[in-house]
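# An overview of the molecular structure
Okay, here's what each chain looks like letter by letter:
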Amino acid sequence: MQKLSKGSTFTHAELAEIDKKHYLHPTTPPKAHYLSGPPTIFSEGRGVYLKDLQGKERIDGVSMLWNVNLGYGNEELAEAAKQQMLKLSYSSSFSGQSNEPAILLAQKVASMAPGDLNVCFFTSGGSESNDTAFKLARFYWKVKGKPERTKIISLDQSFHGVTVGATSATGIEGFQKFTTSNAPNFLKAAAHTVEAELGDKTDPNYTRSIRGTIEAEGADTIAAVIIEPIQGAGGVRFPPTGYIQAVRKLCDEYGILMIADEVICGFGRTGKIFGVNHWNVVPDFLCVAKGISSGYAHLGAVIMREHVREAFVQSDEMMFHGFTYSGHPVACAVGLKTIEMIDRDNIVENSRMRGEELLRGLQYLEKNHKHVTKVRGLGLLAGIELFRDPESGIPFDPSEHAAAQYTDICMELGLQLRYFDWKGTNTVALAPPLIITSEQVEEIISRMDKALKRFEEQI
């Protein structure tokens, strides 16, 4: 294990008091946080390891928020940011102005994307990327003379971000209910209904499928359908065979734009450069963030097909959309260096091979621990579920918070994982940095194994 340096001059307790008073945290219960403060204050990271202010080291088994793909403390990425800051710290992309890193990153991303996904619009992150795709899809239909096509269809248990539009597309109940009003013209469909999307009206989910929703609403009102190749925050949910292709075929049938949310899957996470590559599908918009900069800079992008850009350039109308940091030169310089390292260091292939090892390890845990079931993985994106009795399909009672208990034990044993307990499920997610070694994969499985033994004693 790489040794980390000493850390902050503040104690955990001192910073926790300041944090409670002055820092409102995202996706955190405000009352509980105000009373208890942050459970962890990170101080340092190196490679796949993290250290907190109390001196505890752990393996980051989820790349923090699925995004630190090249690990912590990468000197090349830091140097790329430094040199660009010294050369040109900021320039606007408004009114047609540009800068070299943004231009070269757009070209590089286009060269990597499948099909004719050749044009980039830069954002500061995933929520902005998805919001941008929604607006551009509606703008597309406006310039095509069909402004009535405004509705966006997304899936149950999907997660697309937390801006107003992205929240409105998100299919996780808590995010939907957080505010008293969401954006109009967002529709939810049942996820992963292959036969229904292919036209089988006997499917019990047909009415709520994407196809059924299109038929009920009228195709001439639908702007786009958005899907995640693999649902991340919804519980690491994998699509059944043929599903992604069925959605592409359905969108083509009705002339609807297809948006692929690759914020988690993109840039090697699944063992291919983009998730859709596993299914040989080319969406009309491909939204990315996270892995494009390995979390070292605020950066996202919407990659669009040629026919979309061609529609835009036929219009004389101003595109009244953009962010202060669209095409930020420092972020784009970090993005360029990230992609250079992904190519140079065979990161995608490492993700594929280490992912196979991780999956075998999880299958070993399933075989040897009675509460582990539904093991799945593709590249370094994987999940397991915890059941009271997997053979009989009996889940843990929600009051037991089984997945939360288990991940707490993992933390005590020096392994950071994430859990999701939507609708009574107990999913544990894994998505370690793509630079992980075979030995470190073995260490993750070893710590999970020890944690499961403790969990079984407690439960």
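## Overview of the overall build of the chain
- Within the chain, the secondary structure is distributed over 16 helices and 16 strands.
- With the C-alpha coordinates of the chain rotated into their principal frame, the extents come out at 65 × 60 × 45 Å.
- Taken over 459 residues, the chain has a buried fraction of 55%.
- Across the chain, contacts joining residues at least 24 apart in sequence account for 70% of those joining residues at least 6 apart.

## Some points on the packing of helix H4 (residues 75-87) against helix H13 (residues 329-344)
- H13 packs onto H4 with a crossing angle of 150° between their chain directions and a minimal axis gap of 8 Å. As H4 runs across H13, the sense of the crossing is right-handed. Across the interface between the two elements, Glu-76, Leu-77, Ala-80, Ala-81, Gln-84 and Met-85 of H4 pack against Pro-329, Val-330, Ala-333, Val-334, Lys-337, Thr-338, Met-341 and Arg-344 of H13.
- A per-class count over the contact of H4 with H13 returns nine nonpolar, two polar and three charged.

## Brief notes about the pattern of salt bridges
- This structure, assessed with the given rule, holds 28 salt bridges.
- Lys-151 is the partner of Glu-217 in a salt bridge, and the nearest nitrogen-oxygen pair spans 2.6 Å. Here the residue Glu-217 occupies a position in helix H10 (residues 210-217), and Lys-151 occupies one in strand E5 (residues 151-155), the gap between them amounting to 66 residues.
- A salt bridge links Glu-340 to Lys-337; the nearest nitrogen and oxygen atoms lie 3.2 Å apart. Pair noted here: Glu-340 and Lys-337 are both in helix H13, with a separation of three residues, about one helical turn.
- Accessibility expressed as a relative area gives 38% for Glu-340, which makes it partly exposed.
- Because the salt bridges share partners, they merge into one network encompassing Glu-76, Lys-337, Glu-340, Arg-344 and Asp-345.

## So, the nonpolar core
- If you look at the biggest cluster of nonpolar residues, it comprises 65 residues, and the most contacted ones within it are Phe-267, Phe-274, Leu-362, Tyr-406 and Met-448.
- Phe-267 has contacts with Asn-69, Val-109, Met-112, Ile-273, Phe-274, Val-288, Gly-291, Ile-292, Ile-339, Ile-342 and Leu-434, leaving out every residue within four places of it along the chain.

## Describing unusual backbone geometry
- At Thr-27, a residue that is not glycine, the phi angle is positive and equals roughly 45°.
- Along the chain, Thr-27 turns up in the loop between helix H1 (12-22) and helix H2 (30-36).
- Although it is not a glycine, Asn-280 adopts a positive phi angle of roughly 50°.
- Mapping Asn-280 onto the fold places it in the loop between strand E8 (257-261) and strand E9 (285-288).
- A relative accessible area of 72% means that Asn-280 is categorised as exposed.

## Overview of the packing of aromatic side chains
- Here the structure, examined in full by the defined rule, presents eleven aromatic pairs.
- Considering the side-chain rings of Phe-175 and Trp-422, the 6.5 Å spacing of their centres and the 65° angle between planes classify their relative orientation as edge-to-face. Of this pair, Phe-175 sits in helix H8 (residues 173-177) while Trp-422 sits in the loop between strand E15 (418-420) and strand E16 (427-430), and the two are 247 residues apart along the sequence.
- On the accessibility criterion, Trp-422 (26% relative accessible area) is partly exposed.
- Seen from their ring centres, Phe-267 and Phe-274 are 5.2 Å apart, and the 70° between their planes marks the pair as edge-to-face.
- Note on Phe-267: relative accessible area 1%, which makes it buried.

## Section: the pairing of strand E3 (residues 57-60)
- Pairing analysis gives three bridges linking strand E2 (residues 49-52) to E3, with the strands arranged antiparallel. Paired with Lys-51 across the two strands is Glu-57, which belongs to E3.
- Where E2 folds back onto E3 in an antiparallel hairpin, the turn is made up of four residues, including Gly-55, whose phi is positive at roughly 85°.
- Summarising the sheet, E3 and strand E14 (residues 415-416) pair through two bridges and their orientation is parallel. Paired with Ile-59 across the strands is Leu-415, a residue of E14.

## Quick look at the sheet that holds E8
- Spatially, seven strands are ordered E4-E10-E9-E8-E7-E5-E6 in an open sheet, and the strand pairing comes out mixed. The open sheet is flanked by strand E4 (117-123) and strand E6 (186-189), the only strands paired with a single partner. Within this sheet the neighbouring strands show an average axis-to-axis angle of 25°, counted without direction.
- Examined bridge by bridge, strand E7 (residues 222-227) and E8 share four bridges and lie parallel to one another. Bridging from a neighbouring strand, Ile-227 pairs with Ala-260 of E8.
- In the packing of helix H5 (residues 100-112) onto the sheet, the strands contacted are E4 and strand E10 (300-305), and the crossing angle to E4 comes to about 135°.
- Packed on one face of the sheet, helix H12 (residues 306-313) meets E4, E8, E9 and E10 and runs near 90° to E10.

## Quick word on the confidence of the model for the chain
- For the chain, the mean per-residue pLDDT works out to 96, and 98% of the residues sit at or above 70.
- The low-confidence segment residues 1-5, where pLDDT is below 50, has 15 contacts with residues more than four positions distant or belonging to other chains.

## Here we look at the sheet that holds E3
- Ordered in space as E1-E2-E3-E14, the four strands form an open sheet in which the pairing is mixed. Each having just a single partner strand, strand E1 (42-46) and E14 make up the two edges of the open sheet.
- Sitting on the sheet, helix H16 (residues 438-458) is in contact with E2, E3 and E14, with an inclination near 110° to E3.

Each value, and the rule that gives it
Residues numbered from 1 in each chain as written. Predicted model: local features only at pLDDT ≥ 70, side-chain atom pairs only at ≥ 80, totals over all residues. Heavy atoms only, no water. Helix = DSSP H or I, 4+ residues; strand = E, 2+ residues; numbered from the N terminus. Buried < 20%, exposed > 50% of the residue type's maximum accessible area, 1.4 Å probe, protein only. Contact = heavy atoms within 4.5 Å. Axes fitted to C-alpha atoms, helices over the stretch in contact; angles between N-to-C directions. Left-handed = near helix turned anticlockwise from the far one by under 90°. Nonpolar A, V, L, I, M, F, W, Y, C, P; charged D, E, K, R; others polar. Salt bridge = Lys/Arg side-chain N within 4 Å of Asp/Glu carboxyl O. Core = buried A, V, L, I, M, F, W, Y, C linked by side-chain atoms within 4.5 Å. Phe/Tyr/Trp six-rings, centres within 6.5 Å; stacked < 30°, edge-to-face > 60°. Pairing = 2+ DSSP bridges. pLDDT = per-residue confidence, 0-100.

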